[in-house]
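Now for the letters of each chain:
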Amino acid sequence: MALRIVTARRVSQGFFFLLLVWFCVVASLGAAWYQLRGWPINWLLTLDPLPAIGTLLSTGTLTPGLWWGLAIILPTLFLGRVFCGFVCPLGALNQFTGWLARLGQGSAERIADNRYRPAQVIKYLLLVFFLASALAGSLQTGLLDPLPLIHRSVNLVLAPIFDRPFQVLATKPRFYAHAWTLAALFGAVVLLNLTVPRFFCRILCPLGALFGFMNRFTPWRIGKAKDTCGDCHLCEAHCEGGCHPSGAIRTAECVLCFNCLDVCPAKRIVFAGQPSAAGEIPLPDTTRRGLLAATAAGLLAAPAWALSGFSGPNNNPQLIRPPGSLDEDRFLARCDRCGQCMRVCPANVIHPTLTEAGIQGLWTPMLNYRLGSSGCQPNCVACGQVCPTSAIRPLSLEEKQGRGDFAAKGPVRLGTAFVDRTRCLPWAMDRPCIVCQELCPVSPKAIFTRVVFAPVRGGAGKAASVQGRTLALTGLTLPPVNLASGDYFLRPSALPTGGLAAEPVQVAAFSPAGLTLAREPSKDLGWPAPLAQGQEMQVVVRLQQPHVDPSRCIGCGLCEHECPISGLRGIRVTSENESRSRRTRMLA
Amino acid sequence: MKSTEHGNGTAHDPDLLLKAALTRRDFLTRAAVASGLALASGGVFAALYDGSGPSALPPEKTLAGLPDFSLPEFAGPKARVAIVRGPDRAQTLGRGLDALGGIGRFITKGDTVLIKVNAAFASPPSLGATSHPELVVALVAQCKQAGAGRVLITDNPIHNPESCFELAGLAEAARQSGAKILLPTENLFASVSLAGGRLIQNWPVLAKAFDGVNKVLAVAPIKDHHRAGASMILKNWYGLLGGRRSVFHQDINSIIAELSMLIRPTLCILDGTTAMLTNGPTGGSMADLAATNTMIVSTDPVAADAAGLSVLGRAPEEVPYLLAAQAMGAGTVNYQGLDPVLVEQGG
Amino acid sequence: MARRKTAVGPGQNFAAWSVLAVLALSALWVGLKQADFSPAVLTALSAPGTARSSAASSPLGAFLPAGVEGFSPVGGPEFFSPETLPDKIDGKAELYLAANFKELACQRLTAGAGGFVEVFLYAMAEPTDAFSVFSAQRRPGGTRLDLTEHGYLAGNALFLASGPYYAEFVADSQSPGTAERLTSLAKNLLDRLPKTQGVRDDSSLFPAQGLAPDTVQLLASDAFGMQGLGGVYCAAYRLASGEGTAFLSRRASEAEARGLVRDYAKFILDNGGKELPLPAGAPLGARLLDALGDIELIFAQGSYLAGVHAASSPEAALELALNVSTSLGATPREGGQ
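Residues numbered from 1 in each chain as written. Chains lettered and ligands numbered in written order. Predicted model: local features only at pLDDT ≥ 70, side-chain atom pairs only at ≥ 80, totals over all residues.

Right, let's get into the overall build of chain B. What chain B contains, in helices and strands, is eleven helices and eleven strands. The buried share of chain B, taken over its 347 residues, is 50%. Considering only intrachain contacts with a sequence separation of at least 6, the fraction spanning at least 24 residues in chain B is 73%. (Helix = DSSP H or I, 4+ residues; strand = E, 2+ residues; numbered from the N terminus. Buried ≥ 20, exposed ≤ 12 C-beta atoms within 10 Å, placed from the backbone. Contact = placed C-beta atoms within 7 Å.)

Below, the structure written as structure tokens:
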């Protein structure tokens, strides 16, 4: 059966687009066929050679998994931008939107839309800027690299919105901090197709630019077999790259859509091992000055960002990176902002940054214990396992928990919890609460409590009548608390001279008739016995005030997540003592 | 007409042009449309007028209870009970249903049936701590035979629901019989305040599992229970509660009595083929089990439990929640008074 | 647009089919790859219950059986604290909480074709607490084991208490090899547990005469239905004069023991009991009560609260009470003897 290459191209674009959607759907931790299992959810990200080349420049090494980039680089060197035409799901989306927007348009308008524009040079300058910045140690390609862009847009914006009524992807609705900024970029990329077809691909895409440089020496390429033709320009009516196939073709711009070859009524356009008979312009329109300026800007940008000291003395203590993250400098040399860690996290605790990591860390992952559905779960290593560039190292559970071979190193610490004594209920408000201590998952617990008996406001009174364990008190102006909750105690406040401090005795029941104590007060407890009428008494509350043992705390944030002070929590994790950095070490 | 003639002559005067275009018919149409819009906007404003202004807090989204799934023809004294003796669950179930007039009296074509099982523990069926998969398979088959559309199976074991359903053999039973396990995901819970309830107030309940369901079958084993005395049909509703429900253990009798008001099932199937006589509700040893060879099929959950207690050799007075449930009107402990059908298998 | 079908040349045809072939291969590879589980999923599967607050690891886990021939663990161990215990054993948690439960470690093991065994290791505060939960759940007709102080085999399950630990080994079925397999697991666990000194234990104070074997129990709380009465040892007796349950409980002081005699008598009387005249020879200060047909005899001796619960007759109650009293040490008697 005769198959047209454009049909094969459309099938291929559809295939990879559906594959992207599928990989986004299955990225929930689980063993069902519609969950993560072994689905290679990073495959499309790693086929993209830009992360490989970017991290090669920023780290000097090739991260395992990124070698897949070769599977695209090699055909590109021989055939041209196959990725743009056949693989890129964002390219497919742009092409589809552009087609949709131009339904019913005549050839003349289409031909005008698809003319070559000088602005198409911008993407080359962006690429050079990004690569220079990577060389200087700061990987920024992910901001506009189409694969990370579409992954994070689908995973962090579209999926949570469309899954909200169904909750198939997650049992609780997902949140992503600052997701509107991702949505804005994605929306802009899609809508700009209304002005120029494949606007993003032609003008902004750094990956397309990379392929544009790469196909300088392709033996085979699109071109005209004969220079003379009817000048119908139909080849340009559907040209996706804006590469002027009717004349001197700009091969760097050709996205291999093969539309020109398909529509040419005279079959004059061919894909062959010869230059176009109408001539070709093999290199982009970049000027030497432009390239130099972009390189210089990139080389300078990274050190300029570093001047803020974000990875040094001015680090943001609220920036908690996922478990296994490298130290800040090496992290930013690798993180591609693909959002896979944020998608896979079962606790929804990993979120994209806006300014928390500085402008150079835009959309990198940070933990937000208020927004998550829990803290960082102690039994989970998913984020590091899915990170395609090892900005978050793939930890084993043993290493994360500091067991087995890692016992000497101890567990991975994300930071340290600090009790805010001005907000914590038992510290600041004299109200009993031990939620954080109860939920601390470390064994032995990193949060411990010290018991303090504090006088209750308005809890001073005089014993009016005493009958065994029950006594009526006069003069109490207590706040509305449940005195019989077990947290409230009574003790005589003024003791006969020479008396030692009296032990508080628990209140067992409280009624209008008076307080019933849990046990009979006696001299052993330092109480005056028998208790005289008129004895001054004080209601006290037993407070278990939480303290953090910094040598045990792993910064998982379960305490912060569960703290009943719902706004600014009474216990909060900051990055001090995080394992990933020697500089923030707190203990000798 | 006249105005048109006028208009033709003075085409450059804008004021006159307007007049010229305005024929009588035009005017009437425009006036009618404008009046319609005026009325509509006035009507919308009037319909949505809220003189009291917004409340201080958004209205609390809490359900007043669950729908009533019991059948009116079995209400109160018309309740029916069948007690079948025999070791084979499929057979005793079949005979029990037949004694009450057949599954067709309870399940009709196209019904969506929810079976509330006991899947509280990740414990194998042999230990008798959970609803037996054979019984569930037989019951689903009965439902399908009666023409039921979808059959759902649910429970909320707090710890790791997947492994509880899997290890108790209930996931396999569902696969075999074509029923669907409804795992207690967060989105199935809704806050419920039971009218007249003291404990079930703004508490998360597995309420959305009942969405679209029109028949509810309760399937539970007969077990001793450390805290409640015995765990049968009523105690098994505990699995509808979410949140940190263990706080209710302090007042176990009241919470079970309130649960009996919260949910009224279509039919109860109490499985005493092997009963857990000691060390419930978890058991662990087969020494805790006895072959009591009894299947109780009842439309009255309280009567079912009272009959089940006799299998454990206990009296309703020893299980306070049963008397409390009776007092609240959930059923009667006097199952003998309902003229139960007694069937000896093979007889 | 006006698209004419132009003939497709052989080169284009070949290229187009090659593209589809590459897609098919990719789909095949992806389909195969999904069966090769990611370590993230394997970790999540092997550590169930991650959403709960139970600790991810605990020193208690080191005592769980490991490396026993024929067994391999299924998933990692699970741990439960007093707060999360009801998640695992909802309905029975109170039995353990009342007996100073500290932590539970569970591990599921597979014996291949031999089925599954689940091991529950409970850490309690004191050896007496472990004995309390052990004795409260004792199955009748079990086979006694001498692996440790307290242990028996009941069908598909093995139960033991050693020091402050109580352990259950529950197989999902009973087959000829079950007993040996459970015993090998129990031995492995006992080897791992820290060695404890023989603890002083009031259960040895029960007189031997008429004692029904394996009935000594420690009631941690609410003994005989009386709220707040805990730490009571009891044991079933069959004597010539009748049956009854003897009990004894060491209290903090003589005064407390005497106070409890009063409180317990009041509890019986409040619940419809009747005071009976005290026969001669009864322990000093004893109370004899008829609790709706069951005879209760209670007394205090030193700091011990002791007596007989649910005896079949006053004579049986008196005989058993005197035996207990003697066993606690000779003491003054009622009636000037």
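The subject of this paragraph is the sheet that holds strand E13 (residues 294–301) of chain C. Residues and elements named next belong to chain C. Spatially, seven strands are ordered E8-E9-E10-E14-E13-E12-E11 in an open sheet, and the strand pairing comes out antiparallel. In this open sheet, the two strands that pair with only one neighbour each are strand E8 (217–219) and strand E11 (274–276). On average, each strand axis in the sheet is inclined to that of its neighbour by 25°, with strand direction left out of account. Alignment of E13 against strand E14 (residues 304–311), held across six bridges, turns out to be antiparallel. The residue bridging Ile295 from the neighbouring strand is Ala311, located in E14. Where helix H7 (residues 254–270) meets the sheet, it contacts E11, strand E12 (287–291), E13 and E14, and its direction lies at approximately 165° from that of E13. (Pairing = 2+ DSSP bridges. Axes fitted to C-alpha atoms, helices over the stretch in contact; angles between N-to-C directions.)

Moving on, we get to the confidence of the model for chain B. The share of residues in chain B with pLDDT of 70 or more is 93%, and the mean pLDDT across the chain is 88. Between residues 1–11 of chain B, whose pLDDT stays under 50, and residues either more than four places distant or in other chains, the model counts 13 contacts. (pLDDT = per-residue confidence, 0-100.)

Right, let's get into the interface of chain A and chain C. With 41 residues of chain A at the contact, the number on the chain C side is 36 residues. With six residues, the top contributor of residues to the side of chain A that touches chain C is helix H1 (residues 5–25) of chain A. Its residues assigned to classes, the side of chain A that touches chain C shows 25 nonpolar, eleven polar and five charged. (Nonpolar A, V, L, I, M, F, W, Y, C, P; charged D, E, K, R; others polar.)

So, about the nonpolar core. Formed by 188 residues in total, the largest nonpolar core has its most connected members in Ile115(B), Val136(B), Leu139(B) and Tyr122(C). Here Ile115(B) is in contact with Val136(B), Leu139(B), Val151(B), Leu152(B), Ile153(B), Leu217(B) and Val219(B), once residues within four sequence places are set aside. Ala52(A), Cys260(A), Ile392(A) and Cys440(A) belong to the second-largest nonpolar core, a separate cluster that totals 146 residues. (Core = buried A, V, L, I, M, F, W, Y, C linked by C-beta atoms within 7 Å.)

Residue Gly280(B) is joined to Pro281(B) through a cis peptide bond whose omega torsion reads 5°. With respect to the helices and strands, Pro281(B) occurs in the loop between strand E9 (267–276) and strand E10 (289–298). For Leu256(A), which is not a glycine, the phi torsion comes out positive at approximately 60°. Its place among the elements puts Leu256(A) in the loop between strand E2 (249–250) and helix H14 (259–263). In this structure Leu256(A) comes out as buried when scored by C-beta crowding, with 26 C-beta atoms within 10 Å. Even without being glycine, Leu292(C) reaches a positive phi, approximately 50°. Relative to the helices and strands, Leu292(C) resides in the loop between E12 and E13.

Strands in a sheet are paired, the pairing made by backbone hydrogen bonds, and the direction either parallel or antiparallel. All names here are of chain C. Pairing within the open sheet is antiparallel, and its seven strands lie in the order E1-E2-E3-E7-E6-E5-E4. The two strands at the open ends of the sheet, each matched to only one other strand, are strand E1 (72–80) and strand E4 (143–144). With six bridges joining them, E1 and strand E2 (residues 101–110) adopt antiparallel strand pairing. Within E2, the position partnered with Phe79 by the bridge is Ala105. In the packing of helix H6 (residues 178–192) onto the sheet, contacts are made with strand E3 (116–124), strand E5 (150–154), strand E6 (157–162) and strand E7 (165–171), and the angle to E7 comes to roughly 150°.

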